[in-house]
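# Topology and contacts: notes
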Amino acid sequence: MANDDCCATQLIDGHAEFNVAGLDSFIRTVNLASCGLSYAVVAIMGPQSSGKSTLMNHLFHTSFREMDAFRGRSQTTKGIWIAKCVGIEPSTIAMDLEGTDGRERGEDDTAFEKQSALFALAISDIVLINMWCHDIGREQAANKPLLKTVFQVMMRLFSPRKTTLLFVIRDKTKTPLENLEPILREDIQKIWDGIRKPEAHQHTPLCEFFNVEVTALSSYEDKEDKFKEEVAQLRQRFFHSIAPGGLAGDRRGVVPASAFSISAQQIWKVIRENKDLDLPAHKVMVATVRCEEIANEKLNQLRSDKGWLELEEAIELGPVRGFGEKLSSIIDACLSQYDEEAIFFDEAVRNAKQKQLESKALDLVYPAYTTLLGHIRSKALDDFKTKLEQSLNNGEGFASSVRTWTQSTMLEFDKASADAAIRQANWGASKVRDKLHRDIDSHTSSVCSAKLLEITTNFEKKLAKALAEPVESLFEAGGKDSWLSIRELLKRETETAVSEFSASVAGFELDEETVGRMQQSLRDYARKVVENKARDEAGKILIRMKDRFSTVFNHDNDSLPRVWTGKEDIRAITRDARSASLKLLSDMAAIRLDEKPDRIESALYSSLIDKTSAATSSQYLTREASVDPLASSTWEEVSPEDVLITPVQCKALWRQFQGETEYTVTQAISAQEAYKRSNNWLPPPWAIMAMVILGFNEFMMLLKNPLYLMFIFVAYLLGKAIWVQMDIAGEFRHGTVSMTGLIPFRSSWIVKIL
């Protein structure tokens, strides 16, 4: 009856050691893990040498070791063996237990019997109890201690599993089974009623724990053919045993086949440690261990999933369209695979572990999600910068462009972040969205500041160009109302610039306070330009004064160069020229942009010009020594910030100016005197009259002698030529002519003249 397909394996050896590796190998060989809940476990217990292994081999076509009758009756099965039942559907595992009441273990060594019985009841759906027919009805028969052991250990399970107890009566006699079964059931009930029960099950009936079935078989030795025929009939009852109405149709607390190894190991460990075995708690424990294993396996599969790895690699390079849907599908597949493998485990544990798996899977993909959001944010920000720059280059308003592209950019971000969203997660992109908004605001502020600075700088340049040269020209001209002209120029150019500036920044939609502050800054800049130019010109005032003095002194009212003929009033001209120069000095002494009256010009005139005219008065000189209005570092009614040249500096400059222009006046006086001398070389009229009267005789003699006239004419021509050639008239205008200059006549001149 042995069959190699049964794949028998020793599960627990005679020393109570659990064969973990053997069980795992057995499960892989028979592919038990794929059965889910569609499997059954059938165990058999009974006295030693009662034919248990033989019955199992014939019933399930297994290959358990059988006793050799010719060698005597001895222990054949040691520990617990399992094998796959051949040809039985659903997949059924047969478990052959070591026989009870064996002489090898002795009368006192019943611990393993109880442990193995409890183990069989904990993991089996059907338990075959092998009994001899002639022991039924006996009070001290061998089956009584066995049944007591079965019931007592079953009480330790605390919760009924509805195990089917199939009593197999071996070597039946002529007594009909209908007569034997009531006696057996009565004995079983007495045993049940007689055992000590936990408080929770004091009044629990036997049917809550067990389905009791009874069958009888003929003697294998005496009626082998009859025995085989009856076994074949009994075998049919194990087909579809877990279906409703089957032998184990109302079983409870079934552990999924994939967790059978874990469950068996844990149950045996608890039994060996003499702990109470709570099957519902055990079911939860098994579900916890196995579901966690499945979850870890699926998580590892997710880590190595090709689609996920491709997504993770692609996300490092930039945004991936459809990321959320693709990743959601991958996670869905992972969770679905988990559900398929863990569907038969405790629902609460299964769901809890599924949540953990989902959480770990989301933790795994979260960095990629955040990286994607970072890419989306960066791209959105870059797009905003580009579009804003294009709008500004096209002349569109700054504020309207910012509003338009901010709204567009945020909508694009929302669409992209929604595309990146994962169905299984409730992650929000609000933080990244807020950061994008802050980045946009920061860039907008930066661009706004840069544009406003550019506009302000351009207008400042225009103001500087519009003011610097005209102001310099006005200072140089030194007109009567130089500062009035400068103020009008400053006001005109400033208001024009402010008006144009306001139009230029209108597109920024700035608040009135900010615009007003910027306009005032522009006005302050224009004023600063004028002030700086005034300070520059103040540093060149001495040169300007000398130029002005030279211009007025050496040119007449028609701007023609003066010719000092002796008729000019050099003193008056000098005073006018110095007054004009002093006007320049007074204009440059202080900044007059606020239209405040001052007495700088009058103080300078009274101290520098009027005082000079009265310098001959000793009384005035004495008063000057005691009171000097220019002996100060400030001007009355002038703010110190507006002072360009202090009174003391003005006095020093005037002193230097007078010294450097004194030579010009001296030269003019010398030229005037020379001109007078050059025009007074003829003798006085009375001398001429005397010469005519006294030289009348000589004149008449010349008229009478033509040779004298010719000689006089030649002498005149020669003298005239020398006069013109030597420019004697010009020399007389510059002073007395040196006689030595008339001596070295060249012969060539004389020859030329003759």
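Residues numbered from 1 in each chain as written. Predicted model: local features only at pLDDT ≥ 70, side-chain atom pairs only at ≥ 80, totals over all residues. Heavy atoms only, no water.

Here we take up the pattern of salt bridges. Applying the stated rule across the entire model yields 30 salt bridges. Put simply, Glu341 and Lys298 hold a salt bridge, and the shortest N to O gap is 2.6 Å. Remark: Lys298 occurs in helix H8 (residues 279-303) and Glu341 occurs in helix H10 (residues 323-342); sequence separation between them is 43 residues. Arg527 serves as the salt-bridge partner of Glu531, at 3.1 Å between the closest nitrogen and oxygen. (Salt bridge = Lys/Arg side-chain N within 4 Å of Asp/Glu carboxyl O. Helix = DSSP H or I, 4+ residues; strand = E, 2+ residues; numbered from the N terminus.)

On to the sheet that holds strand S7 (residues 210-216). One open sheet holds the seven strands; their spatial order is S1-S3-S4-S2-S5-S6-S7, and the pairing between them is mixed. Strands at the two margins of the open sheet, each flanked by one partner only, are strand S1 (9-12) and S7. For this sheet the average axis-to-axis angle between neighbouring strands, irrespective of direction, equals 25°. Where strand S5 (residues 126-132) lies against strand S6 (residues 163-170), seven bridges are found, and the strand directions are parallel. Each bridged residue has a counterpart across the sheet, and for Ile126 the counterpart in S6 is Thr164. (Pairing = 2+ DSSP bridges. Axes fitted to C-alpha atoms, helices over the stretch in contact; angles between N-to-C directions.)

Turning our attention to the packing of aromatic side chains. Considering all chains together, one arrives at 18 aromatic pairs under this definition. On the numbers, 5.6 Å between centres and 85° between planes, the contact of Phe549 with Phe657 is edge-to-face. Here Phe549, found in helix H16 (residues 541-554), pairs with Phe657, found in helix H20 (residues 647-678); they are 108 residues apart in sequence, far enough to count as distant. There is no split in this pair, since Phe549 and Phe657 are both buried. Chaining the aromatic ring pairs together yields one cluster made of Phe549, Phe553, Trp564, Trp654 and Phe657. A cation sits over an aromatic face here: Lys462 above Phe459, 5.0 Å from the ring centre. (Phe/Tyr/Trp six-rings, centres within 6.5 Å; stacked < 30°, edge-to-face > 60°. Buried < 20%, exposed > 50% of the residue type's maximum accessible area, 1.4 Å probe, protein only. Lys NZ or Arg CZ within 6 Å of the ring centre and 35° of its normal.)

The grouping of Ile688, Met689, Val692, Ile693 and Leu694 at the surface amounts to a nonpolar patch, some 540 Å² of accessible area in total. Structurally, the position occupied by Ile693 is in helix H21 (residues 685-694). The exposure class of Ile693 is exposed, given its relative accessible area of 59%. (Patch = residues over 30% accessible without salt bridge, like charges linked within 9 Å, V, L, I, M, F, W, Y side chains within 5 Å. Areas by Shrake-Rupley, 256 points an atom, 1.4 Å probe, with all protein chains shown as cover.)

All right, on to empty space enclosed by the protein then. One pass over the structure, following the stated rule, counts four cavities of 30 Å³ or more. As for the largest cavity, its lining consists of 16 residues, and the residues nearest its centre are Ala122, Ile123, Arg161, Gly253 and Val255. Those elements giving two or more residues to the lining of the largest cavity turn out to be strand S2 (39-45), helix H3 (111-123), helix H7 (260-272) and H8. Residue composition of the lining of the largest cavity, by class: nine nonpolar, three polar and four charged. Looking at which domains feed residues into the lining of the largest cavity, each of domain 1 (8-248 + 258-277) and domain 2 (278-427) supplies at least three. (1 Å grid on protein atoms, 1.4 Å probe; cavity = no way out; pocket = protein on both sides within 12 Å on 5 of 7 lines; lining within 4 Å. Points joined across faces, edges and corners; volume = space filled by probe spheres on them. Nonpolar A, V, L, I, M, F, W, Y, C, P; charged D, E, K, R; others polar. Domains from an automatic or database assignment.)

Right, let's talk about the packing of helix H1 (residues 20-30) against H7 for a bit. The axes of two packed helices give the description: the angle between them and the distance between them. The geometry of H1 relative to H7 is characterised by a closest axis approach of 10 Å and an angle of 155° between their N-to-C directions. In terms of orientation, H1 and H7 fall into the roughly antiparallel class. Taken as a pair, H1 and H7 cross one another with a handedness that is right-handed. For the pair H1 and H7, contact is made by Val20, Leu23, Asp24 and Ile27 and by Phe260, Ser261, Ala264 and Gln265, respectively. Per-class residue counts for the contact of H1 with H7 are five nonpolar, two polar and one charged. (Parallel < 35°, antiparallel > 145°, perpendicular 65-115°, else oblique. Left-handed = near helix turned anticlockwise from the far one by under 90°. Contact = heavy atoms within 4.5 Å.)

On the surface, Glu310, Glu312, Glu313 and Glu316 cluster together to form a negatively charged patch. By secondary structure assignment, the location of Glu313 is in helix H9 (residues 306-315). (Lys, Arg positive; Asp, Glu negative; His and termini not counted. Charge placed at Lys NZ, Arg CZ, Asp CG, Glu CD.)

This part covers the UniProt feature "transmembrane region" (unreviewed entry) in the protein. Mapped onto the present numbering, the UniProt feature "transmembrane region" (unreviewed entry) falls on residues 707-726. Annotated as residues 707-726, this span is 100% helix and 0% strand, and its ends, taken at the C-alpha atoms, are 29 Å apart. (UniProt positions renumbered as here; feature names shortened; annotations may be inferred.)

On to the UniProt feature "binding site: GTP" (unreviewed entry) in the protein, then. Taking the numbering used here, the UniProt-annotated feature "binding site: GTP" (unreviewed entry) corresponds to Gly46, Pro47, Gln48, Ser49, Ser50, Gly51, Lys52 and Ser53. Structurally, the position occupied by Gln48 is in the loop between S2 and helix H2 (52-60). Aside from chain neighbours lying at most four places away, what touches Ser50 is Asn130, Trp132 and Arg170.

Burial within S2 is extensive, with seven of its seven residues counted as buried. What you see with S2 is no split at all: Tyr39, Val41, Ala43 and Met45 on one side and Ala40, Val42 and Ile44 on the other are buried throughout. Note: S2 against strand S4 (residues 91-97), six bridges, orientation parallel. Across the sheet, the residue bridging to Ala40 is Thr92, located in S4.

Right, let's get into unusual backbone geometry. The omega torsion of the bond from Glu89 to Pro90 falls at 0°, within 30 degrees of zero and hence cis. With a phi angle near 55°, Asp171 is a residue other than glycine that sits in the positive phi range.

Before going further, it helps to examine the nonpolar core. Within the largest apolar cluster, 163 residues are counted, with the highest numbers of intra-cluster contacts made by Phe119, Phe167, Phe323, Leu585 and Trp635. Here this core gets 15 residues from one element, more than from any other, and that element is helix H11 (residues 347-393). Both domains that furnish three or more residues to this core are identified here as domain 1 (8-248 + 258-277) and domain 2 (278-427). Discounting residues that sit within four places of it in the chain, Leu585 has contacts with Ile541, Met545, Leu604, Leu608, Ile645, Cys650, Leu653 and Trp654. Leu59, Ile88, Leu234 and Leu247 belong to the second-largest nonpolar core, a separate cluster that totals 22 residues. (Core = buried A, V, L, I, M, F, W, Y, C linked by side-chain atoms within 4.5 Å.)

At a minimum axis distance of 11 Å, the contact between H10 and H11 shows a crossing angle of 160°. As summarised for this structure, H10 and H11 are arranged roughly antiparallel, according to the angle between their axes. Once H10 is placed against H11, the crossing between them reads as right-handed. For the pair H10 and H11, the contacting residues are Phe323, Leu327, Ile331, Cys334, Leu335, Tyr338, Asp339 and Ala342 in the first and Val349, Arg350, Lys353, Gln354, Leu357, Glu358, Leu362, Val365, Ala368, Tyr369 and Leu372 in the second. Classifying every residue of the contact of H10 with H11 gives 14 nonpolar, one polar and four charged.

Quick look at the side chain of Asp642 now. Along the polypeptide, Asp642 turns up in the loop between helix H19 (618-626) and H20. Despite its burial, Asp642 pairs with no opposite charge; the closest candidate is Arg527, at 4.7 Å N-O. Setting aside anything within four residues of it in sequence, one finds Asp642 in contact with Ala590, Ile591 and Asp594.

Our focus in this paragraph is H10. Here H10 spans 28 Å end to end across 20 residues, near enough to the 28 Å set by a 1.5 Å rise per residue. Among the residues making up H10, those that are buried are Phe323, Gly324, Leu327, Ser328, Ile330, Ile331, Cys334, Leu335, Tyr338 and Ala342. Down the axis of H10, the buried side of the element spans an arc of 160°, and every buried residue falls inside it. (Expected span 1.5 Å × (residues − 1). Arc of directions from axis to C-beta.)

Every α-helix winds through 3.6 residues per turn, so residues three or four apart in the chain are directed the same way. Here helix H12 (residues 398-420) contains 23 residues, and its C-alpha end-to-end distance of 32 Å stays within 8% of the 33 Å for a straight helix at 1.5 Å per residue. Taken together, the buried residues of H12 touch H10, H11 and helix H13 (430-477).

In the predicted model, the protein carries a mean pLDDT of 83, and the fraction of residues at 70 or more is 86%. Note that pLDDT drops below 50 for residues 614-626; the model gives that stretch five contacts with residues more than four away or on any other chain. In this model residues 735-754 is a low-confidence stretch, pLDDT under 50, and it forms 17 contacts with partners more than four residues away in sequence or in other chains. (pLDDT = per-residue confidence, 0-100.)

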